[in-house]
Amino acid sequence: MMKMTGKAFAKKLFGAKYERLSRTLLIDVIIFWGLYIAGFQVQAAASVRILMVSAFTAGIMWQALSSRDSAVELKHMLMLPHQPQEFVFSYVAVLGAYTVLTKTGLLLAVLLAVSAWKSVEIIGMVISMLHAVLMAAAVYSLRKYWYAGGIWAAAIVSAILFLRSGLLLDLLLFVNGFVAILILWKAEVYAFYQGESEKSHAIKQRKRGSLWRYFFRYLSCHRNYLVNTAVMWCVAIVMPYFLREMAGLSVVPVGFAILTLNTPICILLSCDCDLEQAVRFLPGQKQRFCIPYCLFVFSCNMAADMIFLCSWQIQNGGVTVLMIAGAVFFALQSAVLSVLLEWFYPIRSWKIESDLWHHPRKYVVPVVMLLLAGAACAWPVLLYVLLVLLAVEIVILLFISKGRS
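Below, the structure is looked at part by part. (Residues numbered from 1 in each chain as written. Predicted model: local features only at pLDDT ≥ 70, side-chain atom pairs only at ≥ 80, totals over all residues. Heavy atoms only, no water.)

What follows is about a nonpolar patch on the surface. On the surface, Leu168, Leu171, Phe174, Val175 and Val179 cluster together into a nonpolar patch covering about 490 Å² of accessible area. One can find leucine 171 in helix H8 (residues 167-186). (Patch = residues over 30% accessible without salt bridge, like charges linked within 9 Å, V, L, I, M, F, W, Y side chains within 5 Å. Areas by Shrake-Rupley, 256 points an atom, 1.4 Å probe, with all protein chains shown as cover. Salt bridge = Lys/Arg side-chain N within 4 Å of Asp/Glu carboxyl O. Helix = DSSP H or I, 4+ residues; strand = E, 2+ residues; numbered from the N terminus.)

The next thing to look at is the packing of helix H3 (residues 46-65) against helix H7 (residues 146-163). Relative orientation and spacing of two packed helices are given, respectively, by the angle between their axes and the distance between those axes. The interhelical angle for the contact between H3 and H7, taken along N-to-C directions, is 160°, at an axis separation of 8 Å. Of the possible angle classes, the one that applies to H3 and H7 is roughly antiparallel. The element H3 and its partner H7 pack so that their crossing is right-handed. Residues Ser47, Ile50, Leu51 and Ser54 of H3 pack against Val157, Ile160 and Leu161 of H7. By residue class, the composition of the contact of H3 with H7 is 5 nonpolar, 2 polar and no charged. (Axes fitted to C-alpha atoms, helices over the stretch in contact; angles between N-to-C directions. Parallel < 35°, antiparallel > 145°, perpendicular 65-115°, else oblique. Left-handed = near helix turned anticlockwise from the far one by under 90°. Contact = heavy atoms within 4.5 Å. Nonpolar A, V, L, I, M, F, W, Y, C, P; charged D, E, K, R; others polar.)

In this section: helix H16 (residues 321-344). Over its 24 residues, H16 runs 35 Å from end to end, which matches the ideal 34 Å to within 8%, given 1.5 Å per residue. With respect to burial, H16 is a largely interior element, 17 of its 24 residues being buried. (Expected span 1.5 Å × (residues − 1). Buried < 20%, exposed > 50% of the residue type's maximum accessible area, 1.4 Å probe, protein only.)

For the rest of this paragraph, the subject is the side chain of serine 338. Locating serine 338 in the fold gives a position in helix H16. One polar contact links the side chain of serine 338 to the main-chain carbonyl oxygen of serine 334, over a distance of 2.7 Å. For serine 338, the residues in contact, after removing those within four places along its chain, are Cys266 and Val365. (Polar contact = N/O pair within 3.5 Å; in protein donor to acceptor, adjacent residues only side chain to side chain.)

Now the structure itself:
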């Protein structure tokens, strides 16, 4: 029974013939070999690498467990006869394999290529990955007691930083993983299932009210998007401190480009197939949806840029009208390109939401913005050309918006 359940989940995540797994492993090998022969090296303590891999693995595992798509599959599987313990461990094992092989594998390939490793450290890295999977699943099964899970996670992070590396840390992770196994052994199957909650109810109400109300309701239902936005605001506050040595107008566009990395708000159609179908099916929805969506993304980008400029003024001073105009350009340009990319090239081939959140297509617009920022730093006259383009875009958007009304 455990084998059949695991096989059913595995085929959904990796493909009917596990073709996705082989393709991902091939990409990992190519990335590792390319970085290795390039001779690029980065010095990092073993404890930092272990903490990096553990936090990344636990985060992806948590996303996989909380995915709405996984909940639908789990609901169907729970209708069949099952043994609770076997079902829990097969479900956790498959999601753990998906996390380690398709997500953490890429990070591990980069770390192995750019830093020197000892055989003992590699064994410790494997233990840390397995420990992160088990602990994330155990904490997720006890998420009603979130405070206990937070204390547990904080204690493990402190232990990794304090013990740094070595046999004692490996032994601690091994024992803690065994504790997580005991928690999973006692866990109920339905602890991993999220039923028809406020999130799905809120999304179903999108037909009523304005699109702006739907956008804010969507953010309130997807707390991870709000966390990502809060992180970008924190980056906007501290970034002027690190750019102080290069203070001046020429480096400011780079800060604006970095703040366009708030990519979760740019995949609204890709992650909600029902909304995309409704928008594309009803007449006249291209303008009615895309313009408010563009303004919504622009508002989110502009909020981060304003925080950045205020922090720059407090720490470095010298904010000018040209800087503010540059902020408007990068915020608006990122919003326009993101919406156009989402409308014409939505992400289709994703299995669970974790695939969508880490899809490479999301980073196309931030890379373009970084290239524009680099060009503006090298040739300051280009910034004036970009501002002229900004004025033209604003006129076009106002004309389209007036025609829509």
